[in-house]
Structures are given as C-alpha cells and as structure tokens.
Amino acid sequence: MADVHDKETRSKNMAAIKAGNTKPEMIVRRALHNAGFRYRLHEKTLPGKPDLVLRKYNAVIFVNGCFWHRHECPQFKWPKTKVGFWTPKLNKNASNDKKAEHDLKVLGWRVGVVWECALKGPRRLTHDEMTRTIVRWLKSENQSLSLSGST
C-alpha cells in the first residue's frame, strides 16, 4: 500500500516527532518535581541518555513511547506498511534499550521505565497511582521498575 503523503510531507511529519520533552515525559517530570524530587535531564554522559537522572537515589528513568520502543501492550501494533523499514528500526530501538539498561546497571545505576500506556489511553494509571509507584521505587532498594498501564 502506498503512503498517503508525498515524500516531502511525510518527511516533515516525521521530523516533527519529538525525541525529548514529550507530553508523557512532562507528566512524569511535573509529578516528581511536585513530590519534591530534583533531577537532571537527558544526561548525555550516561548510556541511552536517560530522560531523568536522580543522582541522590542512584536512579535513572526513561519515559518510553509504546510504539517507538516496541512495548508489548495494546498500544503497540506492528505497522502494516513498509514492514521492511519498520521491523529493523523498531527491533534496533528495543535492542538499544536493553543495552543501555544493561550498561547502566553495570555502572551501578537503578533503572526505571515508565511506559506511555501508564500515562494515557484506556489502561492508564491515575496520576496518584503513577506518582506513588515511582516514588516508592525511588525510595526502595529495587534495581528496576517497569511501569505499564493497568490490566
């Protein structure tokens, strides 16, 4: 099936997709800031450039889009067109995520992932549930967190 947009329009649309300061990321940042947590953003010196770095808690948090990071939830669907493009791209994103998480843990960091489905859509958590879960993890000794939407 052909793309519904010409090459120039598709390029413009794809360029408009933000890598940082996304709406889900801003939700998590505001919640943690309001709960009294301070953090650094997009630390380039760490593997995977985590969205939030909380040095005091030796923790990093990634806020991942379900599509772009191939989360196994109802919000992720494999594209039906340009399969030869999307399959390797999405697989590489997931592979890069695993490598960054592994490298961060080797460096002694605790790694949290907040998935987009936890923040929007029909399975989203309430704002309080999301905040409480992240805060509880930060104050714990648990090495990792994967926060998804409810079932």
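Residues numbered from 1 in each chain as written. Predicted model: local features only at pLDDT ≥ 70, side-chain atom pairs only at ≥ 80, totals over all residues. Heavy atoms only, no water.

### Overview of the sheet that holds strand S5 (residues 144-147)
Operational definition: Strand pairing is assigned whenever DSSP detects at least two bridges linking the two strands. Helical segments are the DSSP runs of H or I of at least four residues, strand segments are the runs of E of at least two, and each set is numbered from the N terminus. In this description, contact between two residues means that some pair of their heavy atoms is separated by no more than 4.5 Å. To obtain each axis, a line is fitted to C-alpha atoms, and for helices this fit is confined to the stretch in contact; angles are then taken between N-to-C directions over 0 to 180 degrees.
The five strands lie next to each other as S1-S2-S3-S4-S5, forming an open sheet whose pairing is mixed. The open sheet has two edge strands with one neighbour each: strand S1 (40-41) and S5. In the sheet, strand S3 (residues 59-64) pairs with strand S4 (residues 110-115) via six bridges, with the strands oriented parallel. Bridged to Asn64 within S4 is Trp115. Sheet strands in contact with helix H2 (residues 23-34) are S1, strand S2 (52-54), S3 and S4, and its direction is about 145° off that of S3.

### What to know about the pattern of salt bridges
To be explicit about the condition: Salt bridges are defined as contacts in which a side-chain nitrogen from Lys or Arg sits within 4 Å of a carboxyl oxygen from Asp or Glu. Whether a residue is buried, partly exposed or exposed follows from its accessible area with a 1.4 Å probe, protein chains only, as a fraction of its type maximum: under 20%, in between, or over 50%, in that order.
Scanning the entire structure with this criterion turns up six salt bridges. A salt bridge links Lys99 to Asp103; the nearest nitrogen and oxygen atoms lie 2.7 Å apart. Placement of the pair is Lys99 and Asp103 together in helix H3 (residues 83-106), with a separation of four residues, close to one helical turn. We note a salt bridge from Lys120 to Glu116, for which the minimum N-O separation is 3.2 Å. Given the relative accessible area of 41%, Lys120 is considered partly exposed.

### Here's the deal with the state of the cysteines
The condition that has to hold: Criterion for a disulfide: a pair of cysteine sulfur atoms at a distance within 2.5 Å.
Under the definition given, this model contains zero disulfides. Here Cys66 is not disulfide-linked; the sulfur of Cys73 is the nearest cysteine sulfur, at 3.5 Å. With relative accessibility at 0%, the residue Cys66 sits in the buried group. Lacking any disulfide linkage, Cys117 is separated from the closest cysteine sulfur, that of Cys66, by 3.8 Å. By relative accessible area, Cys117 is classed as buried at 1%.

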